[in-house]
Amino acid sequence: MKHFYSLLFLIVSSYVAIGQNAMTINAQLQPDERSITIQQQIAVQNTSTDVWEEVYLTDWAHSFSSKTTPLAKRFAESFEKKFHLAPDNERGFTAVKAISGQGSILQYTRPQGFPDIIKVILKTPVPAGETVILNLQYTVTLPDAKFTDYGITRGGDYNLRYWFMTPAVYDNGWQYYSNKNLNDRYFPQSDITVSFSIPVGFTLVTDLEKSSQGSSYAQGEKLTRLTGKQRTDAKIFLLKNSTYEEVQTDYVTIVSNLQNGTLPPQIRALITDRIAGFLDKNLGAYPFNKILVTDLDYKEQPVYGLNELPSFISPFPDGFKYEIKLLKTTINNYINNTLLVNPREDRWLIDGLKVYMLQKYIDTFYPDLKVVGGLDKYWLVRQFYASKLEFNDQFPILYTHISRLNLDQGLNTPYDKLIKYNKNIGYSYKSGVGLNYLNEYLGDEVLDDVIKIFYEENASKPTRSNDFKTLVTSKSNKDVSWFFDEYITSNERIDYALKNSKVKGDSIYVTVKNKKRRKTPIPVYSFKDDSLTSTRWVSGKEKATTLSYSSDNADRFVLNYENIVPENNLRNNYEKPGAFLGIDKPFQFKFFQDFENPSKNQLFFMPVAEFNLYDGFSPGIKLYNKTLLTKALNYKIEPQIGLKSKKLIGSASISYRHDFQNQGLYGLRYGISGNRFSYAPDLLFTRVTPFVNLRFRTSNLRADKRQFVSARYVSVQRQEDPLVPLPTPNYDVLNLRYSRFNPGIVHTLNVTGDVQFARNFGKLSGNIFYRRLFLNNRQLNVRLFGGIFTYNKTQSDGDFFSFALDRPTDYLFDYNYYGRSENSGVFSQQIIIAEGGFKSQLDDVAPVFANEWMFTANASTTLWKYFYAYGDVGVVKNKRANGKLVYDSGIQVSLLDDYFELYFPIYSNLGWEIGQPNYDQKIRFQLQLSVDTVIGLFSRKWY
């Protein structure tokens, strides 16, 4: 059988076409081994002027081989534990048996740091123009599909991508890099021939041509022969039950499993034909007979917003959701399969073309469609500015979101350096919006003509974005250097403003100020009696440009009225000469938060409700100016009524934020906040806090390393119980704090230092938290805390200002206690890991407060899955007393690390706690339910 297998490979390999690059693959699926046995021949031509002494192969199937590969590290950076915790038999790898060529067995290595790349040492150097042929024998053990959606699925299907080796591209040196789950393998377009032997129970789906199919040499298997000319990918799906359908259009056959059960087949066929015709007209003819469009492709790059809608909400026309999914995915594969650029180093153009074509399709077939679809027929929806937004307005809005967060990255940033939001949304949207910007600036459909010429000239051959630049420059009589030299390469914001309008005689003069000194043009619109009278483009090369208009034709001016330019701030784009008190825009009061309407001064209000043990359920109303896009100035007033305390409570704040781009100091925020709530039955506290925060971040945004320096002045006033007077009911504390965070699921290291000065005390404290997830899946958590009083005159206050072993008094009111003054009951069992961090309550046998100094260590390690063993040890020192050694231990159940955890004490200074009375009251819980905490839990993967 083995001899027959080898003979078949030799016969098939004879079909290798004479050309630049070709690959012949003979593969056999081994279901019991979860593997594919492969014999492969690679013919790669040296089209450079250099002499090759080695050839590099991409072996991305081996990227799953360990927990330390670049792919594994990428999962860890994204806070995904499933790959690290998976058993070894769920991770894939490549076992190479032999690589031969040039008449002998060739030596090969895997370069340091690139475990999924193979360097083949050639016996004889290959000069320019010559072709080297390599013969490979290897077995690929497939990974579980839960990691990347490719591999072996839970149902026993096989989604195959990057399952065989390919040559790297040689372009001024070998261009190779590791798999990082970005679906961006780069290899030269090649003629591919595959003979695949699979069990008869499977259906093979691919966009390669099936030239023959018949019985295999192996019993119970069938052999399928596939071919493809000038291909850059070869995805294959082996399915027990296929849901794919083929739709033959006048242009290309689309093979898809995107489903819409409510849409008749004939309507799906019409939609498919319309999409294919649109792409043929606006890009050019697709060079292959079939294009494969899968639900996995769409899952990788969905239309964000639409994919989040529940199935029972259908605000768009019948079939539109299916159409936009099919459109987006077809465009992606249409361009990916034909325009060969380095997808990790130079992909802004292909991603931009995808979004540009999507927008153009919407403008062509759905010109009046709103972003809310048909929901604008409801009166309540029409009260929101979102109901006025066109469907295509979402693209600049979603890009502006990341710009407002100061996390924008240049379009020349390598793809693997992008944070997740930019990789999934911001990068392609910025590029697509930029192409639309360039199109409006050039006018006369110049860009549309350039795109079609570029595609037709470069489809199925290597190209670069610089070739597109050369073509645009040659076809336009306008200066486009600003687009390629600034918009593409810079992350600096674009922001213009209208200033200093003056009326002189029958003329009006208005100044356009370039606030960021970006040399990008911007249109200025003039209106008379709310009718558009003119549009003029300002080059942006000057810091300020003054324009003159006739007062007969203008009484109001708007910059960037149609939002063509992706400006960071649109609120300063309005100018009305002679406006009362200089107010150019009317005020608008809106129910609930909305998108930012730059033509209005918006104020929102919405009902709110909170709960604590003493105020009870506390409904109220929040008045605020924050929109769905981040703003520099934010304020809110939130009055509430405690239904239990029958008192007026609530909070208020105002803050301003400065962003600094491309610096270590990337944010400065200052302001003042205040709140008023009950801290005990019928007793209120009031806290007023002016503050300033400085935020630092490294230039590598994916590293997520951040530092914070803050200063605040906390002024607290507490109502007193006449029966239990407080020695210090009112106090003021100056608090300086430094924090350094380096989060991650494999390594975490957080450091915090804190200094406090008050009239009667001074404190220094700090803590270090370290978390390590080892290769054997055991997790170790270690926290060290130390605190010391520099002076302390608070003995009359008891331990209110002391360091706490297990439950800080929280005199600065920083922690989210649900019952901060409780000494018994379930609320007293809430724990917040701060200061001493102990879980046992040792009141009866040891001091639980320190008015001189305290040093503690908290540690825990994995027992099994979510169960940990924990232990705490420390020394507590009070004045006029010796230091006391304290300790505890127990079992920790971590349902969600740092957010929802239970602690079951076992042994401590109290002895064997588990056998003592009222054990249920010793159990502690940690629960973080604030909105900001929950948002942070999910957004940490994206930003």
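See the structure printed just above.
Computed from a prediction, not measured in an experiment: that's the story for all the values here.

So what exactly am I meant to see when it comes to the overall build of the protein chain here?
The secondary structure content of the protein chain amounts to 14 helices and 50 strands. Scaling as 2.2 N^0.38, a compact globule of 943 residues should have a C-alpha radius of gyration of about 30 Å, and the protein chain matches this with 33 Å. Overall, the protein chain is about 100 × 90 × 55 Å in size when its C-alpha atoms are taken along their principal axes. For the protein chain, the residues scored as buried account for 54% of the 943 residues in total. Considering only contacts within the protein chain whose residues lie at least 6 apart along the sequence, 62% involve residues at least 24 apart.

Any chance you could explain the pairing of strand β36 (residues 665-680) here in plain terms?
On a regular strand, one side chain projects to one face of the sheet and the next to the other, so that they alternate. Summarising the sheet, strand β35 (residues 648-659) and β36 pair through ten bridges and their orientation is antiparallel. When the sheet's bridge partners are listed, His658 is paired in β36 with Leu668. The hairpin formed by β36 and strand β37 (residues 683-697) contains two residues between the paired strands, and Asp682 there has a positive phi angle of roughly 60 degrees.

Just to check I follow, could you spell out empty space enclosed by the protein for this structure?
A water-sized probe, rolled over the atoms, reveals where empty space remains. Overall, the coordinates contain five cavities of 30 Å³ or more when judged by the stated rule. There is about 500 Å³ of room inside the largest cavity. Residue lining of the largest cavity: 30 residues in total, with Arg161, Asn183, Asp233, Asn336 and Asn337 positioned closest to the centre. Breaking the lining of the largest cavity down by element, the ones donating at least two residues are α5 (295-300), α6 (320-336), β22 (339-340) and α7 (348-365).

Quick question: what am I supposed to make of the pattern of salt bridges here?
Charged atoms that come close allow side chains of opposite charge to pair. Here the structure, examined in full by the defined rule, presents 39 salt bridges. Linking Arg347 and Asp351 is a salt bridge whose minimum nitrogen-to-oxygen distance equals 3.2 Å. Like Asp351, Arg347 is buried. A salt bridge links Glu596 to Arg571; the shortest N-O distance between them is 2.8 Å.

Please clarify how the side chain of Arg712 should be interpreted in this entry.
Mapped onto the fold, Arg712 is located in strand β38 (residues 706-718). Arg712 sits in the buried class, given a relative accessible area of 16%. At 2.6 Å, the side chain of Arg712 forms a polar contact with the side chain of Asp814. The contact partners of Arg712, leaving out residues within four places of it in the chain, are Arg687, Thr689, Pro690, Phe691, Val733, Leu734, Asn735, Arg737, Leu812 and Asp814.

In this structure, what is going on with a nonpolar patch on the surface? I would like to understand it.
Taken together, the side chains of Leu633, Tyr635, Ile654, Tyr656, Tyr670, Ile672 and Val688 make up a nonpolar region of the molecular surface, amounting to roughly 550 Å² of accessible area. Of all elements in the fold, only β34 (633-641), β35 and β36 reach the threshold of two or more residues within the nonpolar patch. A relative accessible area of 31% places Tyr656 in the partly exposed class.

Would you mind going over the sheet that holds strand β30 (residues 574-575) with me for this structure?
Pairing between the strands of a sheet comes from backbone hydrogen bonds, and it takes one of two forms, parallel or antiparallel. Spatially, four strands are ordered β27-β26-β29-β30 in an open sheet, and the strand pairing comes out antiparallel. A single partner strand is all that each edge strand has here, and the edge strands are β27 (531-538) and β30. For strand β26 (residues 522-528) and β27, the ladder comprises seven bridges, and the chain directions are antiparallel. Within β27, the position partnered with Ile522 by the bridge is Val538.

What should I look at first to understand the nonpolar core in this one?
The nonpolar side chains of a soluble globular protein tend to be buried, and buried together. Core analysis: the largest hydrophobic core is formed by 96 residues, its most contacted members being Trp348, Leu447, Phe468, Val472, Phe483 and Val512. Leave out the neighbours within four places in its chain, and Phe483 touches Trp348, Gly434, Leu435, Leu438 and Ile488. In terms of nonpolar packing, the next biggest core, distinct from the first, is built from 53 residues, Ile36, Ala61, Leu160 and Ala168 among them.

Quick question: what am I supposed to make of the packing of helix α10 (residues 420-442) against helix α11 (residues 446-458) here?
For any two helices packed against each other, one specifies the crossing angle of their axes together with the interaxial distance. Axis separation between α10 and α11 bottoms out at 7 Å; the angle between their running directions is 125 degrees. Taken together, the axis directions place α10 and α11 in an arrangement best described as oblique. Residue-level contacts link Leu435, Leu438, Asn439 and Leu442 of α10 to Val446, Leu447 and Asp448 of α11. When its residues are assigned to classes, the contact of α10 with α11 shows five nonpolar, one polar and one charged.

Sorry if this is basic, but what is going on with the sheet that holds strand β19 (residues 245-248) here?
Here three strands make up an open sheet; going across it, the order is β19-β20-β21 and the pairing mixed. Both edges of this open sheet fall to β19 and β21 (290-293), since each of them pairs with a single strand only. Adjacent strand axes in the sheet meet at a mean angle of 20 degrees when their direction is disregarded. As judged from the four bridges shared by β19 and strand β20 (residues 253-256), these two strands associate in the antiparallel manner. Bridging across to β20, Val247 finds its partner in Ile254. Across the sheet, α6 touches β19, β20 and β21, and the angle it forms with β21 is around 125 degrees.

How should α11 be read in this particular structure?
Residues lying three or four places apart along an α-helix face the same way, a consequence of the helix completing one turn every 3.6 residues. The first and last C-alpha atoms of α11 sit 18 Å apart over 13 residues, in line with the 18 Å expected at 1.5 Å per residue. Count one or two residues on from α11 and you reach Ser460, which has phi positive near 70 degrees.

Sorry if this is basic, but what is going on with the environment of Leu628 here?
One can find Leu628 in the loop between β33 (616-624) and β34. We classify Leu628 as partly exposed; its relative accessible area is 45%. Considering only alpha carbons, one finds Leu628 and Ser710, 82 residues apart in sequence, at a separation of 26 Å. Ignoring any residue separated from it by four or fewer positions in sequence, one finds Leu628 in contact with Gln593, Asp594 and Phe595.

Is there a simple way to think about a positive patch on the surface in this case?
On the surface, Lys499, Lys513, Lys515, Lys516, Arg517, Lys519 and Lys543 cluster together into a patch of positive charge. By the secondary structure assignment, Lys516 is in the loop between β25 (507-514) and β26. A relative accessible area of 37% places Lys516 in the partly exposed class.

I keep staring at α7 and nothing clicks. Help me out?
Relative to the 26 Å expected for 18 residues at 1.5 Å per residue, α7 spans 26 Å between its end C-alpha atoms, a close match to the ideal helical length. Most of α7 sits out of view: 14 of its 18 residues are buried.

So what exactly am I meant to see when it comes to the packing of aromatic side chains here?
Each pair of aromatic rings is reported with the distance of its centres and the angle of its planes. Inspection of every chain in the model, using the stated rule, returns 68 aromatic pairs. Look at Phe64 and Phe83: their rings are 6.4 Å apart centre to centre, the planes differ by 55 degrees, and that puts the pair in the tilted class. Placement of Phe64 in the loop between β3 (52-58) and α2 (70-77) and of Phe83 in helix α3 (residues 82-85) is noted, with a sequence separation of 19 residues between them. Owing to a relative accessible area of 2%, Phe83 belongs among the buried residues under this scheme. An aromatic cluster is present here, built from Trp348, Tyr437, Tyr441, Phe454, Phe468, Trp482, Phe483, Phe484, Tyr487 and Trp537 joined pairwise through their rings. Sitting over the ring of Phe365, Arg274 keeps its end group 4.5 Å from the ring centre. Here the guanidinium or amino end of Arg536 rests over the ring plane of Tyr549, the centre of that ring lying 4.8 Å away.

Is there a simple way to think about unusual backbone geometry in this case?
Peptide bonds are mostly trans, and most non-glycine residues show a negative phi. The residue Gln102 is not glycine, and still its phi comes out positive at about 55 degrees. Inspection of the secondary structure assignment puts Gln102 in the loop between β4 (93-101) and β5 (104-105). The phi torsion at Asn500 lies on the positive side, around 55 degrees, for a residue other than glycine. Examined against the element boundaries, Asn500 turns out to sit in strand β24 (residues 496-504).

Scoring rules and cut-offs
Residues numbered from 1 in each chain as written. Predicted model: local features only at pLDDT ≥ 70, side-chain atom pairs only at ≥ 80, totals over all residues. Heavy atoms only, no water. Helix = DSSP H or I, 4+ residues; strand = E, 2+ residues; numbered from the N terminus. Rg over C-alpha atoms; globule rule 2.2 N^0.38 Å. Buried < 20%, exposed > 50% of the residue type's maximum accessible area, 1.4 Å probe, protein only. Contact = heavy atoms within 4.5 Å. Pairing = 2+ DSSP bridges. 1 Å grid on protein atoms, 1.4 Å probe; cavity = no way out; pocket = protein on both sides within 12 Å on 5 of 7 lines; lining within 4 Å. Points joined across faces, edges and corners; volume = space filled by probe spheres on them. Salt bridge = Lys/Arg side-chain N within 4 Å of Asp/Glu carboxyl O. Polar contact = N/O pair within 3.5 Å; in protein donor to acceptor, adjacent residues only side chain to side chain. Patch = residues over 30% accessible without salt bridge, like charges linked within 9 Å, V, L, I, M, F, W, Y side chains within 5 Å. Areas by Shrake-Rupley, 256 points an atom, 1.4 Å probe, with all protein chains shown as cover. Core = buried A, V, L, I, M, F, W, Y, C linked by side-chain atoms within 4.5 Å. Axes fitted to C-alpha atoms, helices over the stretch in contact; angles between N-to-C directions. Parallel < 35°, antiparallel > 145°, perpendicular 65-115°, else oblique. Nonpolar A, V, L, I, M, F, W, Y, C, P; charged D, E, K, R; others polar. Expected span 1.5 Å × (residues − 1). Lys, Arg positive; Asp, Glu negative; His and termini not counted. Charge placed at Lys NZ, Arg CZ, Asp CG, Glu CD. Phe/Tyr/Trp six-rings, centres within 6.5 Å; stacked < 30°, edge-to-face > 60°. Lys NZ or Arg CZ within 6 Å of the ring centre and 35° of its normal.

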